[in-house]
Amino acid sequence: MSRIFRRSSGGGRFIKSHVIRLSPDEQGMNILMVLMFRYPSTDSAEQIKKKIERILYQSLKTKQLPLTINKSSFTLTSIDSKRMRNLLNSRCGIRMTSSNMPLPASSSTERIVQGRETAMEGEWPWQASLQLIGSGHQCGATLISNTWLLTAAHCFRKNKDPSQWIATFGTTITPPAVQRSLGKIILHENYHRETNENDIALAQLTNRVEFSNIVQRVCLPDSSIKLPPKTSVFVTGFGSIVDDGPTQNKLRQARVETISTDVCNRKDVYDGLITSGMLCAGFMEGKVDACKVSPKSSSKL
């Protein structure tokens, strides 16, 4: 859909598309999709609908679509921002601004300066801060549903009592946009503290969070996914930006690149410490990392 509208004469009006639901039927696949456009307020909903239909039908005639689509199956329905938000909240991985405008994938890349740029509201809505009551921020975590967080097992070395922990959401720790208590902590049964293997844990919130522009669940990748070396990825968190520095109140972000396990296991890097269940990322020259310098640095985010 993005290709269709961006190639059209009115492509400047198109913002983004989101697939909400796929459901198979006897003749193929039904797709529920949200299409976002920016049109003048003087255009009526009916006028806008006709313009969009004209572009879609023209694409069908010229066979620009990679799939065979039944023209009679197209149904366009105008929705308001509230209905759009409700539909998007049923999906994972949605990044939105406070004005309900989606963030393009490139937005973060353009603003990274040596890993010290502050994230904007809605940029990483699945980011959480895990805090030990009385001791403050300890670890970052990722929201994977409205009640579960994914984090590292080593975060709970000192204290595994869920009643002593809280989770906050938003781009600042103080004040938090949303705060929840923890009701359960589950460490991976094969977590090895000495080798950091299976360093993963789940934390359950006592009360569910409501999805919004600033709190949203992430999309979990397939377990078989392979990221080739030099794939751009992002690290985010509230950790220190210098060795042994203070926790950051504002959410930070940095773009790094994946590094092959073979390279990371070289004697001059991690010397064989990276196992098949780990992902190595950073820069060999040490310009940006989850901490401060080279891949040898311990992660602070």
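Not measured: the values here are computed from a predicted model. (Residues numbered from 1 in each chain as written. Predicted model: local features only at pLDDT ≥ 70, side-chain atom pairs only at ≥ 80, totals over all residues. Heavy atoms only, no water.)

Within strand 7 (residues 165-169), 5 of the 5 residues are buried, leaving the element largely enclosed by the surrounding structure. Neither face of strand 7 is left uncovered, since the one carrying W165, A167 and F169 and the one carrying I166 and T168 both have all their residues buried. Across 5 bridges, the pairing between strand 4 (residues 127-132) and strand 7 is antiparallel. Bridged to S129 within strand 7 is T168. The pairing of strand 7 with strand 8 (residues 178-187) spans 4 bridges and is antiparallel. By the bridge assignment for strand 8, F169 is matched with V178. (Buried < 20%, exposed > 50% of the residue type's maximum accessible area, 1.4 Å probe, protein only. Helix = DSSP H or I, 4+ residues; strand = E, 2+ residues; numbered from the N terminus. Pairing = 2+ DSSP bridges.)

Attention shifts here to the sheet that holds strand 7. Pairing is antiparallel around the closed barrel formed by 6 strands, whose spatial order is 4-5-6-9-8-7. Mean inter-strand twist for the sheet, computed between neighbouring axes without regard to direction, equals 45 degrees. Sheet analysis places strand 4 next to strand 5 (residues 136-143), joined by 6 bridges and oriented antiparallel. Of the residues in strand 5, the one forming a bridge with Q131 is H137. (Axes fitted to C-alpha atoms, helices over the stretch in contact; angles between N-to-C directions.)

With that settled, consider the packing of aromatic side chains. Under the criterion given, the structure shown has 7 aromatic pairs. Centroid distance W124 to W126: 6.5 Å. Interplanar angle 75 degrees. Geometry classified as edge-to-face. Exposure class is identical for W124 and W126. Each is buried. Consider the rings of W124 and F234, whose centres lie 5.4 Å apart with planes at 45 degrees: the pair is tilted. Here the residue W124 occupies a position in the loop between strand 3 (117-118) and strand 4, and F234 occupies one in strand 10 (residues 232-237), the gap between them amounting to 110 residues. For F234, a relative accessible area of 27% translates into the label partly exposed. (Phe/Tyr/Trp six-rings, centres within 6.5 Å; stacked < 30°, edge-to-face > 60°.)

Let's shift gears to the pairing of strand 4. Along any regular strand, the residues point their side chains to alternate faces of the sheet. For strand 4, the tally of buried residues reaches 6 of 6 residues, placing the bulk of the element in the interior. Burial along strand 4 is two-sided: Q127, S129 and Q131 facing one way and A128, L130 and L132 facing the other are all buried.

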